[in-house]
Amino acid sequence: MSKHVFLTGPPGVGKTTLIQKVTQALKSSGIPIDGFYTEEVREGGRRTGFDVVTLSGKRGPLSRVSSDSSTSRREYRVGQYVVDLVSFEQLALPMLRDVNHGSDADKKICVIDEIGKMELFSQAFIQAVRQTLTGSGTVVLGTIPIPKGKPLDLVEEIRSRKDVKVFNVSKENRNSILQDILAAVESCRK
């Protein structure tokens, strides 16, 4: 019996777009939903970083391209990006805490897009995600990267959980998979 739904697939395949479509559909049927997604930040046609955008409309930087290669104060880096841990935690953690302290009467949906390398620099985030997955009153709708290089502990943990349904998003199925994801989320709420 699945309690949570995760999407996985290569970067740029459309996981966030699907999450946004599912979120819109659930919202319009009056289902309580909160969470965040990550959005590319582009300047002059090139990607300069990512923002965290909460479903309540707050936005803040997750990462930006670093101009200098010298690592001054303790920096968290993924490739060319420097992760703004403080900004990320200020947006993501209060939302996860609220979700975990709600009533169980009505199962809420919590969007976590994504649980990836940048987000996993935050130990507090890892703990909050684990708590949300084990709590009874919340259905997590999230995204995880496809395995690449060194496995990410939390990602593999989620992938192998018995109570998680994972959808593999591809260019071929991304336009036809929406209803299946919605149905899976709906059945998790029962």
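Higher on the page you've got the structure.
Counting from 1, residues in each chain are numbered in the order their sequence is written. Only residues with pLDDT of at least 70 get local features here, since the model is predicted, and only at 80 or more are side-chain atom pairs given and counted; chain-wide, interface and lining totals rely on the full set of residues. With hydrogens and water stripped out, all remaining heavy atoms of the structure feed into the side-chain values.

## Examining the overall build of the protein chain
We apply this condition: For helices the rule is a DSSP run of H or I covering at least 4 residues; for strands it is a run of E covering at least 2, with both sets numbered from the N terminus onward. Burial classification: accessible surface area is computed with a 1.4 Å probe over protein chains only, and a residue below 20% of its type maximum counts as buried, one above 50% as exposed, and the rest as partly exposed. Contacts were defined at the residue level, with two residues in contact if any of their heavy atoms lie within 4.5 Å. Areas reported as accessible are Shrake-Rupley estimates using a 1.4 Å probe. Residue values count occlusion only from the protein chains shown. When charges are tallied, Lys and Arg are placed among the positive residues and Asp and Glu among the negative ones, while His and the ends of the chain are skipped. Taken as the charge location is NZ of Lys, CZ of Arg, CG of Asp or CD of Glu.
A count of helical and extended segments in the protein chain gives five helices and nine strands. From first element to last, N terminus to C terminus, the protein chain shows the α and β order β-α-β-β-β-β-β-α-β-α-β-α-β-α. When its C-alpha atoms are laid out on the principal axes, the protein chain stretches across 50 × 40 × 30 Å. Within the protein chain, the fraction of its 190 residues that count as buried is 47%. Taking the intrachain contacts of the protein chain between residues at least 6 apart in sequence as the baseline, contacts between residues at least 24 apart amount to 65%. As displayed, the protein chain has an accessible area near 9,800 Å², and 50% of this comes from carbon and sulfur atoms. Both charge centroids of the protein chain, one from 28 positive and one from 22 negative side chains, sit 2 Å from each other.

## Here we look at the environment of Asn100
Structurally, Asn100 can be placed in helix α2 (residues 85–100). On the accessibility criterion, Asn100 (25% relative accessible area) is partly exposed. Measuring from C-alpha to C-alpha, the distance between Asn100 and Thr138 comes to 7.4 Å, with 38 residues separating the pair along the chain. Sequence-distant contacts of Asn100, defined by excluding residues within four places in its chain, comprise Ala128, Gln131 and Thr132.

## Overview of the nonpolar core
Our working definition: Throughout, nonpolar core names a set of buried Ala, Val, Leu, Ile, Met, Phe, Trp, Tyr and Cys residues whose side chains join them through atoms within 4.5 Å.
If you look at the biggest cluster of nonpolar residues, it comprises 34 residues, and the most contacted ones within it are Ile112, Ile115, Phe125, Val129 and Ile158. At the level of secondary structure, the elements contributing two or more residues to this core comprise β3 (46–54), β5 (76–78), β6 (81–83), α2, β7 (108–113), α3 (123–134), β8 (138–145) and α4 (153–160). The element contributing the most residues to this core is α2, with eight residues. Ranked by size, the runner-up nonpolar core spans 24 residues in total, among them Val13, Ile19, Val22 and Ala184.

## Looking at the layout of surface pockets
How we decide: With a 1 Å grid laid over protein atoms only, a set of points is called a cavity when a 1.4 Å probe fits there but cannot get out and a pocket when it is open yet has protein on both sides within 12 Å along at least five of seven lines; lining residues have an atom within 4 Å of a point. Grid points are joined across faces, edges and corners, and a volume is the space filled by probe spheres set on the points. Just so you know the grouping, Ala, Val, Leu, Ile, Met, Phe, Trp, Tyr, Cys and Pro go in nonpolar, Asp, Glu, Lys and Arg go in charged, and all remaining residues, Gly too, go in polar.
Counted as a void, the largest pocket has a volume near 1,000 Å³. Around the largest pocket, the lining is made up of 37 residues, and of these Pro11, Gly12, Lys15, Phe50 and Glu114 lie nearest the centre. Breaking the lining of the largest pocket down by element, the ones donating at least two residues are α1 (15–28), β2 (33–43), β3, β8 and α4. Of the residues that constitute the lining of the largest pocket, the class distribution is 14 nonpolar, eleven polar and twelve charged. Roughly 240 Å³ of internal volume is contained in the second largest pocket.

## Examining the packing of aromatic side chains
For clarity, the cut-off: For Phe, Tyr and Trp, rings pair up if their centres lie within 6.5 Å, where Trp contributes its six-membered ring, and each pair is then called stacked (planes under 30 degrees apart), edge-to-face (over 60) or tilted (otherwise). Here, over-ring charges are defined by two tests on the NZ atom of lysine or the CZ atom of arginine: distance to the ring centre within 6 Å, and angle to the ring normal within 35 degrees.
What the rule picks out here adds up to five aromatic pairs. Note on Phe88 and Phe125: the rings are 5.0 Å apart at their centroids and 75° apart in plane angle, and the pair reads as edge-to-face. Placement of the pair is Phe88 in helix α2 and Phe125 in helix α3, with a sequence separation of 37 residues. Phe125 gets classed as buried once you look at its relative accessible area, which sits at 0%. An aromatic cluster is built from Phe36, Phe88 and Phe125, whose rings are joined through pairwise contacts. For Lys165, the ring lying beneath its charged end belongs to Phe167, and the centroid distance is 4.8 Å.

## Examining the pairing of β7
The criterion, for reference: Strand pairing requires that DSSP identify at least two bridges connecting the strands. Seen with its strands pointing away from the viewer, a crossover is right-handed when the path leading from the first strand over the helix to the second is clockwise.
The buried count for β7 comes to five of six residues, which makes it a mostly enclosed element. Judged from the five bridges that link them, β2 and β7 form a sheet pairing that is parallel. For Phe36, the partnering residue across the bridge sits in β7 and is Ile112. Sheet analysis places β7 next to β8, joined by five bridges and oriented parallel. Residue pairing for β8: Val111 is matched across the bridge by Leu141. Note that the unit made of β7, α3 and β8 has a crossover that is right-handed.

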